[in-house]
Every structure is written in structure tokens, then in C-alpha cells.
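Residue strings, one per chain:
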Amino acid sequence: MERVLITGGSHSEVPLIKALHRLGYEVISTGKDDGGLGHQLADHYEKGDYSDWEYVLGLAQKWDVCGIVSGCNDFAYLSTAYACAMLGLPGHDAPVIAGKLHHKNEFRKQCRQLGIQTPAFYTIESTVQLRELEHELQYPVIVKPTDLTGGKGVRKCDNFYEVEMAYQAAVVMTRAKEILIEEYVEGSNHGVSALLKNGKVCFAFFDNEEYYKNKYLVVGAYAPSDLTEEMKDGICRDIEKLAGSWKLKDGLFHCQCILKDHKNVYFIDPCRRSPGDLYLLLVEYATGCRYAENIVRAELGLEYDIQVAEESRRIARECLMPDRNGVYQDLFIPKEYEERIVDKVLWGQKGFMIDDYLKYKVGILFLEFDSVEEEKRMLRELRDKIRLRME
């Protein structure tokens, strides 16, 4: 049996590991969290830092793997791309391209060169550079590290004092030591998850995104999207521009977008690794496409063939998060919502102390709705109706 290394092993990697098993591979997972649901599912678990390039390379050599699949983290993708390049394994971009695409400032530069809408921005590497901008910034602005995801270190600022504070907080979190100050674009948030083949989009899925207490961490996504077909076609053309300019390998291209003024789509943050929190299952339930398997095939350099259902389903993925810190007790789901559940993964344990409610999730629900009206209403009321009891 051939072996595959996956750089991660949380709940997010479970669909990828299951897809590898269906394809007949022995799976080695790695990461620091012993209790990850993916590690429990893998055939072998090696505790270690998947963001360490040399560690991942050594682990791949130790297990004599035939391929590496990236986990749902940008640092996991970067180490995967490096190890694959060093070993001559297929399915991933050259490390220099992977680095540019997964750093927000480099991605925005490329978008600007290609005529793709993205927020105006500055890259700041020192407090001296920051102070030089004091009288140039037009507020509000967003301050964020160039190399982090999931809303880490992101803050909206309305004056220069707030910018300075946000910079100081963000710079201690980033590895790149580069901070992005960008135009604040207000509008509706959307995700696009596409598969590339020979530089062309052969499959694309679009969603609407929801946020909760943390305004920069996606907790809900649902489909079909409110984007028009014209907007979707334009997004796909822009992705193909990026694919051609960087000569991207076949496989996943995922990106967040903001729809401004109901007409202008701005590209925000892209990635070439799988999005987390079981997003792959949202795509699969909504479209019938075996998305995780196709991603795995692409990352192993195998052929893939997109097959979708004749009719899409109205599906929402909802991450369950508390509204404050405390000791988690239980979860209450009303019958009206229970009847809409098509799948759920719960890992929150009674008595567990939650000390970072802006990031911690106790589980994920997938809900199906019969109409757009029902979907809009139930999702609008969901945070009040589905309750996490804390003490």
C-alpha cells in the first residue's frame, strides 16, 4: 500500500483523510495537537510542527511517501510545496509561487498588475515606515499581518492611534514581520472554491459568508450564493488570469471576495490549500461533487473528473461558537433546526473551559433548506435559537 503524508490532522482534515483511504492509501498525519480528529483517523500519527519545512521534508523521506497532501493551513501548504519540490513529488506550486500567493501583499500586487480589483494597500515593515503614512491614510483602514489567516491580528482602525496599536499587536504575531494596511471595503462577503485544470476553471462553487462575534472569522457559509452569473463568470476569468500569470498547478484555488455596491467584486485572501472547518463537505452536500477526493487527486498528480448533481441543494455550514468565555455545559438545538440537519460534527465536552470565545468552536452543523425565504429566516435567527450554555 502506498503512503501519503498529510500536513495536519484536525477536524478540518477529516474529509481529506477519508478520501485518501477511499483511494487506497495509507495515511500519515502530523501536527502538534494529539487529540485532533484527523490524527485519530489516520493510520499513523507523527507529532511535530507541520509549518517546519525541513521537518516535513524529513518526515516524507522517513515514510517514503508517494505524495503529500496539504492540511487546511497556509503554513501547512508552504511546507508541503517545499517538500514536494525537494523530492520531485507532483501536485503543488513551486515554493516561490506558493509563498507569493499565500502572502497578502504579494497577492494584491499581482492582482493590481493583472487589473483584478483588490483593496488599495501599503506594506509596512517598521515603525518608521508606519509613521511616514500618518497623513496619507484615509479612514477607516484594515490592519492585518500579511501571512496569517482566520482573522488573526486583523483590526479595523478609524484613526492613526488605533493603527499604531493594531500594528504593535499584529507585528508580534506574524512570522514575515510585514503588516498590511489596506483600504476598508464594505459590502457582502463571499467565498469561491474552484478547481483548475490546465489553467482553466473546470469547477467553481460560490457561497455567502457569515460572521459572529469575531468580525474577521467566517463562522457560517451557505449556498447557492447571491452573486449573479455575470459576477461568477468574472471571478472565474480573474482566477484564470492569476493561474496563467503564475503558471499554477492543477487543483484547488480558494478565495474570499467582497461584493461592494452590489456590483464591484474585490479579491481579498486566496489559498491553494483546502479551506477549514469542513468547508469541503459544504461543497459536496450542495453540488454532489466529490470535492475532497478531487483535491486529493490533484495534490497527488492524478487525473480527476468533475461530476455534479443535476440540481444543487440549499445547504448551510454553521460553526457553533459561544458568545463569551466560560465553562461549556451543553448545546440546545430546537426541533425546527434539528429537522434541517443533514450532518453534524460535535467535539465540545461538558466542563471544558473556553478562554478564547472569539476563536473556539464546539462543533459544526450542516443544514438543508427548502426555499431561499426559509434559509434567510432561519440563518438570521440561528444564533438566538441554537444556544450554547456556558457557566
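This text goes with the structure placed above it.
Here goes a summary of the coordinates provided. As the structure is a computational prediction, the values presented were derived from the model and not from experiment.

### Digging into the pattern of salt bridges
Piece 1. Using the criterion set out here, one finds 29 salt bridges in the structure.
Piece 2. Linking Asp226 and Lys376 is a salt bridge whose minimum nitrogen-to-oxygen distance equals 2.9 Å. Here Asp226, found in the loop between strand E11 (218-223) and helix H9 (229-246), pairs with Lys376, found in helix H13 (residues 372-385); they are 150 residues apart in sequence, far enough to count as distant.
Piece 3. The class for Asp226 is partly exposed, based on a relative accessible area of 46%.
Piece 4. Each member of the salt-bridge network shares a partner with another, and the members are Arg22, Arg290, Glu293 and Arg297.

### Points about the packing of aromatic side chains
We describe a pair of aromatic rings using the distance from one ring centre to the other and the angle between the two ring planes.
Piece 1. Applying the stated criterion across every chain yields a total of five aromatic pairs.
Piece 2. Here the basic side chain of Lys156 rests over the ring of Tyr184, its NZ or CZ set 4.4 Å away from the ring centre.

### Some thoughts on the sheet that holds strand E9 (residues 188-197)
Piece 1. Strand order in the open sheet formed by eight strands is E13-E12-E9-E10-E11-E14-E18-E16, with antiparallel pairing between adjacent strands. Since the sheet does not close on itself, it has two edges, and those belong to strand E13 (264-271) and strand E16 (341-346), each with one partner. Strand-to-strand twist across the sheet, computed as the mean angle between neighbouring axes with direction ignored, equals 25°.
Piece 2. Pairing of E9 with strand E12 (residues 251-260), which is carried by nine bridges, proceeds in the antiparallel orientation. Looking at the pairing, Leu196 lines up with Gly251 of E12.
Piece 3. Packed on one face of the sheet, helix H11 (residues 291-299) meets E9, strand E10 (200-211) and E12 and runs near 50° to E9.

How each quantity is defined
- Residues numbered from 1 in each chain as written.
- Predicted model: local features only at pLDDT ≥ 70, side-chain atom pairs only at ≥ 80, totals over all residues.
- Heavy atoms only, no water.
- Salt bridge = Lys/Arg side-chain N within 4 Å of Asp/Glu carboxyl O.
- Helix = DSSP H or I, 4+ residues; strand = E, 2+ residues; numbered from the N terminus.
- Buried < 20%, exposed > 50% of the residue type's maximum accessible area, 1.4 Å probe, protein only.
- Phe/Tyr/Trp six-rings, centres within 6.5 Å; stacked < 30°, edge-to-face > 60°.
- Lys NZ or Arg CZ within 6 Å of the ring centre and 35° of its normal.
- Pairing = 2+ DSSP bridges.
- Axes fitted to C-alpha atoms, helices over the stretch in contact; angles between N-to-C directions.
- Contact = heavy atoms within 4.5 Å.

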